[in-house]
Amino acid sequence: SQKIEQNSEALNIQEGKTATLTCNYTNYSPAYLQWYRQDPGRGPVFLLLIRENEKEKRKERLKVTFDTTLKQSLFHITASQPADSATYLCALVTGANNLFFGTGTRLTVIP
Amino acid sequence: ETGVTQTPRHLVMGMTNKKSLKCEQHLGHNAMYWYKQSAKKPLELMFVYNFKEQTENNSVPSRFSPECPNSSHLFLHLHTLQPEDSALYLCASSQDPAGLNQPQHFGDGTRLSIL
């Protein structure tokens, strides 16, 4: 069966450290992978998109990797801050133009 | 500030009521979407509209009826809902009609509770 798993439901990290969130998928062939941030009571906000032929994408303190062999994407936040605390969602877009979301990881950055 | 506005933010209704959710996007996008977000479940794509035409309906029960009168407005008409329909309903838009590979711009949702 098809599955998207995000490493854990919740992740706590000390301020200043690098947070690493994982998105693993099975039985999908994604053409693109997107990452979103969602704050409580708000809609998701788009952060980064990476294509299947790209290994890595960066935006300020954010970095995304995409390994189609491992069927995994890693999302890194360097020099994490309490304001980075939120739920982070990965989403796969398949070649057939279908979109599937993971359940998200709730990140808490502790001052 | 969001370019996608949803009203109402909260809605409580009985199972026999009829109500509508409204979404408006101010981004000049050509595609609009309805999603359902339930606790501990992934976001589920319900409907896709491109240039006002419905292009996807992901096996959504007929008690949910979408309407897209123009590229900027999207409605979700609700009728005879069940308690399991209680969830956050999110509207989104994107630039490209082909566009699920495009970034989705979400509103802040309507929190729906069915009594």
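Refer to the structure printed above.
Read on for a plain summary of the structure. (Residues numbered from 1 in each chain as written. Chains lettered and ligands numbered in written order. Predicted model: local features only at pLDDT ≥ 70, side-chain atom pairs only at ≥ 80, totals over all residues. Heavy atoms only, no water.)

### Digging into the sheet that holds strand β3 (residues 19-26) of chain A
Pairing between the strands of a sheet is mediated by backbone hydrogen bonds and can be parallel or antiparallel.
Residue and element names in this part refer to chain A.
Here comes step 1: As summarised here, the arrangement of the 5 strands in space is β1-β3-β8-β7-β6, forming an open sheet in which the pairing is antiparallel. The sheet is open, and its two borders are formed by β1 (3-6) and β6 (56-59), each paired with just one other strand. If you compare each strand with its neighbour and ignore which way they point, the axes differ by 15° on average.
Here comes step 2: In this structure, β1 lies alongside β3, joined through 4 bridges in antiparallel fashion. If you follow Q6 over to β3, its bridge partner there is C23. (Pairing = 2+ DSSP bridges. Helix = DSSP H or I, 4+ residues; strand = E, 2+ residues; numbered from the N terminus. Axes fitted to C-alpha atoms, helices over the stretch in contact; angles between N-to-C directions.)

### Thoughts on the state of the cysteines
Here comes step 1: With the rule as written, the count across this model stands at 2 disulfides over all chains.
Here comes step 2: Disulfide partner of A:C23: A:C90, at an S-S distance of 2.0 Å. Disulfide A:C23-A:C90: the torsion about the S-S bond is 60°, which places it as right-handed. Taken together, the residues A:C23 in strand β3 and A:C90 in strand β9 (residues 86-94) connect sequence positions 67 residues apart.
Here comes step 3: What makes A:C23 buried here is its relative accessible area of 0%.
Here comes step 4: Here B:C68 is not cross-linked by a disulfide; its sulfur's nearest cysteine counterpart is in B:C91, at 9.0 Å.
Here comes step 5: Using a relative accessible area of 11% as the deciding quantity, one classes B:C68 as buried. (Disulfide = S-S within 2.5 Å. Buried < 20%, exposed > 50% of the residue type's maximum accessible area, 1.4 Å probe, protein only.)

### Examining the layout of surface pockets
Here comes step 1: Of the voids in this model, the largest pocket is the one considered here, and its volume is about 600 Å³.
Here comes step 2: Together, 27 residues line the largest pocket, and A:Q38, A:T87, A:T103, B:Q37 and B:K40 are the ones closest to its centre.
Here comes step 3: For the lining of the largest pocket, the secondary-structure elements that each account for two or more residues are β9 and β11 (105-110) of chain A.
Here comes step 4: Class assignment for the residues of the lining of the largest pocket results in 8 nonpolar, 12 polar and 7 charged. (1 Å grid on protein atoms, 1.4 Å probe; cavity = no way out; pocket = protein on both sides within 12 Å on 5 of 7 lines; lining within 4 Å. Points joined across faces, edges and corners; volume = space filled by probe spheres on them. Nonpolar A, V, L, I, M, F, W, Y, C, P; charged D, E, K, R; others polar.)

### Quick look at the pairing of strand β5 (residues 44-50) of chain B
Residue and element names in this part refer to chain B.
Here comes step 1: For β5, a buried count of 6 out of 7 residues is recorded, marking the element as mostly surrounded by other parts of the structure.
Here comes step 2: Here strand β4 (residues 31-37) folds back onto β5 in antiparallel fashion, the turn holding 6 residues, of which K40 has a positive phi close to 65°.
Here comes step 3: Across 4 bridges, β5 lies against strand β6 (residues 53-57) in antiparallel orientation. For N50, the partnering residue across the bridge sits in β6 and is E53.
Here comes step 4: Following β5, the chain reverses through 2 residues before pairing antiparallel with β6; F51 in that reversal takes a positive phi of roughly 45°.

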